[in-house]
Amino acid sequence: MTSQNKSEASPIKVGLRCKCPTCQKGHLFKAYLKVADYCDHCGADFLQEDSGDGAAPFIMIIVGIAVAFLAVYTELIYEPPYWLHFILWVPLSLILTLGLLQPLKGVMINIQFHHNTREIVDQDLDD
């Protein structure tokens, strides 16, 4: 990727929308977590882009803090039975986790694309 392809838009905003880091119009994913090979709008190459498990720690922190706060708050104010906690917090944890996976993976890929990490890796392999 050359500097002429680098977008001026925030990689975080573009990544949260799961859009192409180059044109901000094409789709970054072809399936839920499967990165497209190329942008369907501008043809940018995503074959070497991979966020790995980079989004997982952020999701665990965000969801963990939110659900723990809500569970403790609910316990202190309403004192519901434990089965109600289970019914409330397990589905909420799953929904938040699955809902954040794709946008945060998109952010990780957009940040990598923005900072040319692919070129750095290619240069290290050539040395």
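The rules behind each value
- Residues numbered from 1 in each chain as written.
- Predicted model: local features only at pLDDT ≥ 70, side-chain atom pairs only at ≥ 80, totals over all residues.
- Heavy atoms only, no water.
- Salt bridge = Lys/Arg side-chain N within 4 Å of Asp/Glu carboxyl O.
- Buried < 20%, exposed > 50% of the residue type's maximum accessible area, 1.4 Å probe, protein only.
- Phe/Tyr/Trp six-rings, centres within 6.5 Å; stacked < 30°, edge-to-face > 60°.
- Helix = DSSP H or I, 4+ residues; strand = E, 2+ residues; numbered from the N terminus.
- Expected span 1.5 Å × (residues − 1).
- Bend = angle between axes of the 7 residues up to and from the residue.
- Contact = heavy atoms within 4.5 Å.

Colleague: Explain the pattern of salt bridges here, please?
Modeller: What the rule picks out here adds up to one salt bridge. Put simply, K30 and D37 hold a salt bridge, and the shortest N to O gap is 3.8 Å. Here D37 falls in the partly exposed class, since its relative accessible area comes to 35%.

Colleague: Any chance you could explain the packing of aromatic side chains here in plain terms?
Modeller: Under the defined criterion, the tally for this structure stands at two aromatic pairs. Taking 6.2 Å as the distance between ring centres and 75 degrees as the angle between the ring planes, the aromatic pair formed by F46 and F113 counts as edge-to-face. Of this pair, F46 sits in the loop between α1 (11–16) and α2 (55–78) while F113 sits in helix α3 (residues 82–114), and the two are 67 residues apart along the sequence. Under the relative-accessibility criterion, F46 is labelled buried at 1%.

Colleague: Any chance you could explain α3 here in plain terms?
Modeller: Given 3.6 residues per turn, any residue in an α-helix points the same way as the ones three and four places further on. With 33 residues, α3 extends 46 Å between its outermost C-alpha atoms, agreeing within 8% with the 48 Å of an ideal straight helix rising 1.5 Å per residue. The principal kink in α3, of about 35 degrees, is found at L101, preceding the proline P103 by one to four residues. For α3, the complete set of buried residues consists of H85, W89, P103, L104, K105, G106, V107, I109, N110, Q112 and F113. Just downstream of α3, N116 is the residue with a positive phi angle, here 55 degrees.

Colleague: For this particular structure, what's the right way to read the side chain of T74?
Modeller: Summarising the element assignment, T74 is placed in helix α2. Look at T74 and you get buried, because its relative accessible area is 13%. Sequence-distant contacts of T74, defined by excluding residues within four places in its chain, comprise E79, P80, H85 and W89.

Colleague: Can you walk me through the environment of C42 in this structure?
Modeller: With respect to the helices, strands and loops of the structure, C42 is situated in the loop between α1 and α2. Considered as a pair, C42 and G26 are 16 residues apart in the sequence and their alpha carbons are 7.0 Å apart. Not counting the four nearest positions on each side in its chain, C42 is found in contact with C20, T22 and C23.

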